Amino acid sequence: MKKSLSIIALAALAFVGCSKVTPESPKTVDAKEKDVPIEFNAYNYLNTTKALSSGTTFYTGGKFGIYSVFSGANFSTLDADDAAMYFSNKEVARFTSPSEFWAINEFNGSNRVSYYWPKTGKLSFFAYFPKMDSGVALANDGKITFSDYTVASKIEAQAVNISDTNDYDNNDLMIADAVTNKEASHTGGTTDKVSLTFRHKLAKIKFSAKMSEKATINDDLQFKIVVKSINVTKFGTKADYYGSAWGSIKNSNDEIAAMDSGDFETKETVGGSAVGDNFADGATALDNTTFKEFGNALYVMPQSLTDDITVKIIYDVYAVKTSTKKIISLTETTKTVALKNFKSTQNSTTTDITAWEINKIYNYRFTIDAFADEILFDPVVVDWENVNSDEYKLN
C-alpha cells in the first residue's frame, strides 16, 4: 500500500478579455470587489501512482467542479438566514495566456467570464475532481455528495478517461478540503489565491509476479513462466458518497456475479503455442529477482472483501531446450485466490487485507513456481533370493 506526499500546483489568474457577471444566487448577492477576480491554487494532498503527471503538480489538463457559498458571518449551513449560493458547480480549468492561471472556465462568446470577490461578507469554497454535470451536489452542511457514483470495472474502459498528452485522469475521483470564511483581506490590495487541497476518494489495485526460484536446470534445459491474464471478479462498482465515507455497494447481485475485470492481460508475446515451436524471443518470462507488473492499476470502489471477490491468474509453464530454443513441454495453469487471503506487512506488523480503503493502492504480488513438489526418493532393496543346492554326498 502506497501513500504519497503533499504536492502543490500553483495557479495565477489574469485578465484575458474578461467579462464580468453577477454570481448566481438564490438570494441576491451583487456586491463585488472591483477588479479582484477569484483565483485558485490546486494541491493534491495524497498522491498515488499517476495521480499527478509529474508528481509535483495538479493535473495540468484537469478540470474540477466548485461551489461557493456567501455568508454574512461564518458559514454554518446553506439554509442559514445569512447564507446564499454564490456560484454552483462551476468548472475550473487551467489557462496559459497571457500567463498560467486557474479560473472558472466560462465564456461569453470569445470573452472569458470572471467571478469577483464580494466587498462584504465571506465566501466558502467546496470543490471536487473531475467536473461532473450530474450525480453531484452540495449538502446543506457543505459536504460534497455523489449519488450512484459508478467506477468502470475494466482498465480499457478507464483508459478512455486518461490522457498523458493533455495530462488528466478523470477516473481519479477527489474532493478538496473545504475552504471556509475567506473574506476581503482582498479589499486592501493583493488577493491570495484560494488554495484547494484535494484528496483521493477511490482505491486502486494492481498485480505483479515473479518466479520463486531460478529455473535453469543445466546448460541445456530451462523452465520459463509467462503470465497470460489476470482477472478480478465479483466486486461492486456503484455507491453513494457523503461526508467522508462511501455507503453500501448498490450493484445488484446479478451485476456483481457477472463482474469481471478481464483486463490485466500482459498484452505481450507469449512463449509459443505448441511443443516444437521456438520459444519466442519477444516473450516476457518471469525472473526470480524482480516482480513484473501487469497492466495499469485499476481504480476500484472502496469496499469490504468477501470470499467471492477473487483473482484468477492464467500462466504457461514452458520447458525449453537451451541449445535449440525449442519448446519440449508446455502446460497452461489456472489458479484462483480470494483477495481477502492476502496479507500486508508494514513496519514488521502483518495484517489481513480485508477491504479496499480510500486512498490506498493495493499491489497484489504472486510468486509462481515452475516446479511442483520436491523430488523425494523411497529406496527399497529387493531381498536376496536363496538358491539351495541339492545335497552332494562326499564319500
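Residue indices begin from 1 for each chain and proceed along its sequence in written order. Local features in this predicted model are restricted to residues of pLDDT 70 or higher, and side-chain atom pairs are both shown and tallied only at a pLDDT of 80 or more, whereas totals for entire chains, interfaces and linings draw on every residue. To obtain the side-chain values, all non-hydrogen atoms of the structure were used and water was disregarded.

A.B. asks: Is there a simple way to think about the overall build of the chain in this case?
C.D. replies: The helix and strand tally for the chain stands at two helices and 29 strands. Exposure categories follow from relative accessible area, calculated using a 1.4 Å probe and restricted to protein chains: below 20% of the type maximum is buried, above 50% is exposed, and the middle band is partly exposed. Every one of the 395 residues in the chain was classed for burial, and the buried ones make up 44%. Any two residues whose heavy atoms approach within 4.5 Å at even a single point are treated as in contact. A sequence separation of at least 24 residues applies to 76% of the contacts in the chain between residues at least 6 apart. Accessible surface, the chain as shown: approximately 20600 Å² in total, 47% of it carbon and sulfur. Secondary structure elements follow DSSP: runs of H or I no shorter than four residues count as helices, runs of E no shorter than two count as strands, and numbering proceeds from the N terminus. Shrake-Rupley sampling with a 1.4 Å probe provides the accessible areas, and residues are treated as covered by the protein chains on show and by no other component.

A.B. asks: I keep staring at the nonpolar core and nothing clicks. Help me out?
C.D. replies: Only buried residues count toward a nonpolar core, which is a set of Ala, Val, Leu, Ile, Met, Phe, Trp, Tyr and Cys residues joined through side-chain atoms within 4.5 Å. Counting residues in each nonpolar core, the largest one holds 48 residues, and the members touching the most others are I38, F40, F64, F125, F146 and L196. The dominant element in this core, judged by the number of residues it contributes, is strand β9 (residues 122-129), at six residues. The next biggest cluster of nonpolar side chains, apart from the first, holds 32 residues, and it includes A215, V227, L286 and Y362.

A.B. asks: So what exactly am I meant to see when it comes to the sheet that holds strand β24 (residues 310-321) here?
C.D. replies: Strand pairs in the sheet, formed through backbone hydrogen bonds, run parallel or antiparallel to each other. By this definition, two strands are paired if DSSP reports at least two bridges between them. Spatially, β18-β19-β24-β25 is the arrangement adopted by the four strands of the open sheet, whose pairing is antiparallel. What marks the edges here is a single partner per strand, and that holds for β18 (216-218) and β25 (326-338). The average angle at which neighbouring strand axes cross in this sheet is 15 degrees, direction not considered. Sheet topology note: the β18/strand β19 (residues 221-233) ladder contains two bridges and is antiparallel. Its bridge partner being in β19, N218 is matched across the sheet by L221. Helix axes are fitted to C-alpha atoms over the stretch in contact, other axes to C-alpha atoms as well, and angles between N-to-C directions run from 0 to 180 degrees.

A.B. asks: Sorry, what's going on with the confidence of the model for the chain here?
C.D. replies: The predicted coordinates of low-pLDDT regions are not to be read in fine detail. Per residue, pLDDT captures the predictor's confidence, and it can take any value from 0 to 100. Per-chain confidence: the chain averages 82 in pLDDT, with 82% of residues scoring 70 or above. In this model residues 45-56 is a low-confidence stretch, pLDDT under 50, and it forms 44 contacts with partners more than four residues away in sequence or in other chains.

A.B. asks: Would you mind showing me how to read unusual backbone geometry here?
C.D. replies: Between F129 and the following residue, P130, the backbone shows a cis peptide bond with an omega angle of -5 degrees. Residue position: P130 is located in the loop between β9 and β10 (136-138). Even without being glycine, S348 reaches a positive phi, approximately 70 degrees. Within the secondary structure layout, S348 lies in the loop between β26 (343-346) and β27 (349-352). With relative accessibility at 74%, the residue S348 sits in the exposed group.

A.B. asks: Quick question: what am I supposed to make of the sheet that holds β10 here?
C.D. replies: If you walk across this open sheet you meet the four strands as β10-β11-β20-β21, and the pairing is antiparallel. At either end of the open sheet lies a strand with only one pairing partner, and these are β10 and β21 (245-246).

A.B. asks: What is the right way to read the environment of N288 from this model?
C.D. replies: If you trace the backbone, N288 turns up in the loop between α2 (253-257) and β22 (292-300). For the pair formed by N288 and D369, sequence separation is 81 residues and the distance between their alpha carbons is 9.8 Å. Not counting residues within four places of it along the chain, the set of residues in contact with N288 comprises K210, M211, E213 and K214.

A.B. asks: Would you explain the packing of aromatic side chains in this entry?
C.D. replies: Each aromatic ring pair is specified by the distance between its two centres and by the angle formed by the two planes. Note on aromatic contacts: the rings of Phe and Tyr and the six-membered ring of Trp form a pair at centre separations within 6.5 Å, being stacked when their planes are under 30 degrees apart, edge-to-face when over 60 apart, and tilted otherwise. All told, the structure shown has 28 aromatic pairs when counted by the stated rule. A network of ring pairs unites the aromatic residues F58, Y59, F64, W102, F129 and F198 as a single cluster. In this scheme, Lys NZ or Arg CZ marks a charge over a ring once it lies within 6 Å of the ring centre and within 35 degrees of the ring normal. A cation over an aromatic ring shows up here: R112 above the ring of F95, its NZ or CZ 5.5 Å from the ring centre. Sitting over the face of the ring of F291, R365 holds its NZ or CZ atom 4.8 Å from the ring centroid.

A.B. asks: For this particular structure, what's the right way to read the side chain of S344?
C.D. replies: Here S344 lies in strand β26. Overall, S344 belongs to the buried group, its relative accessible area being 9%.

A.B. asks: What should I look at first to understand the layout of surface pockets in this one?
C.D. replies: Over the atoms, a rolled probe matching the size of one water molecule traces out where space is still vacant. A pocket here means an open set of points on a 1 Å grid, computed over the protein atoms alone, that has protein on both sides within 12 Å along at least five of seven lines. A cavity is instead a set of points where a 1.4 Å probe fits but cannot get out; residues with an atom within 4 Å of a point line either one. Grid points are joined across faces, edges and corners, and a volume is the space filled by probe spheres set on the points. There is about 230 Å³ of room inside the second largest pocket. Around the second largest pocket sit 10 residues that line it, and K343, S344, I353, N363 and R365 are the ones nearest its centre. Contributing elements (two or more residues each) for the lining of the second largest pocket: β26 and β29 (361-368). It is β29 that provides the largest number of residues to the lining of the second largest pocket, a total of four residues. Residues that form the lining of the second largest pocket fall into these classes: five nonpolar, three polar and two charged. Note on residue classes: Ala, Val, Leu, Ile, Met, Phe, Trp, Tyr, Cys and Pro are nonpolar, Asp, Glu, Lys and Arg are charged, and everything else, Gly too, is polar.

A.B. asks: Help me understand the pattern of salt bridges, please; the structure alone is not making it clear to me.
C.D. replies: Where side chains of opposite charge bring their charged atoms close, a pairing between them can arise. Salt bridges are defined by distance alone: a side-chain nitrogen of Lys or Arg within 4 Å of a carboxyl oxygen of Asp or Glu. By the definition in use, this model includes 13 salt bridges. Here K228 makes a salt bridge to D316, at a shortest N to O gap of 3.6 Å. Residue K228 is found in strand β19, and its partner D316 is found in strand β24; the two are separated by 88 residues along the sequence. Measuring nitrogen to oxygen at the nearest pair gives 2.4 Å for the salt bridge that ties K343 to D352. Through salt bridges that share partners, D148, D240 and K250 make up one connected network.

A.B. asks: Even after reading the chapter, I still don't get the pairing of β9, so can you show me in this structure?
C.D. replies: Consecutive side chains along a regular strand alternate between the two faces of the sheet. Taking burial as the measure, the eight residues of β9 include eight buried ones, the bulk of the element. As paired strands, β9 and strand β15 (residues 179-183) are joined by three bridges and run antiparallel to one another. Within the sheet, the bridge partner assigned to F125 lies in β15 and is V179. Relative to strand β14 (residues 174-176), β9 runs antiparallel, the two sharing two bridges. Pairing of F129 across the sheet is with M174, part of β14.

A.B. asks: Would you mind showing me how to read the side chain of N251 here?
C.D. replies: Examined against the element boundaries, N251 turns out to sit in the loop between β21 and α2. Counting of polar contacts relies on pairs of N or O atoms within 3.5 Å, with two restrictions inside protein: one atom must be capable of donating a hydrogen and the other of accepting it, and residues adjacent in sequence are counted only when both atoms are side-chain atoms. Within the structure, N251 has its side chain in polar contact with the backbone nitrogen of T237 (distance 2.7 Å). Of the polar contacts made by the side chain of N251, one reaches the backbone nitrogen of K238; its length is 2.9 Å.

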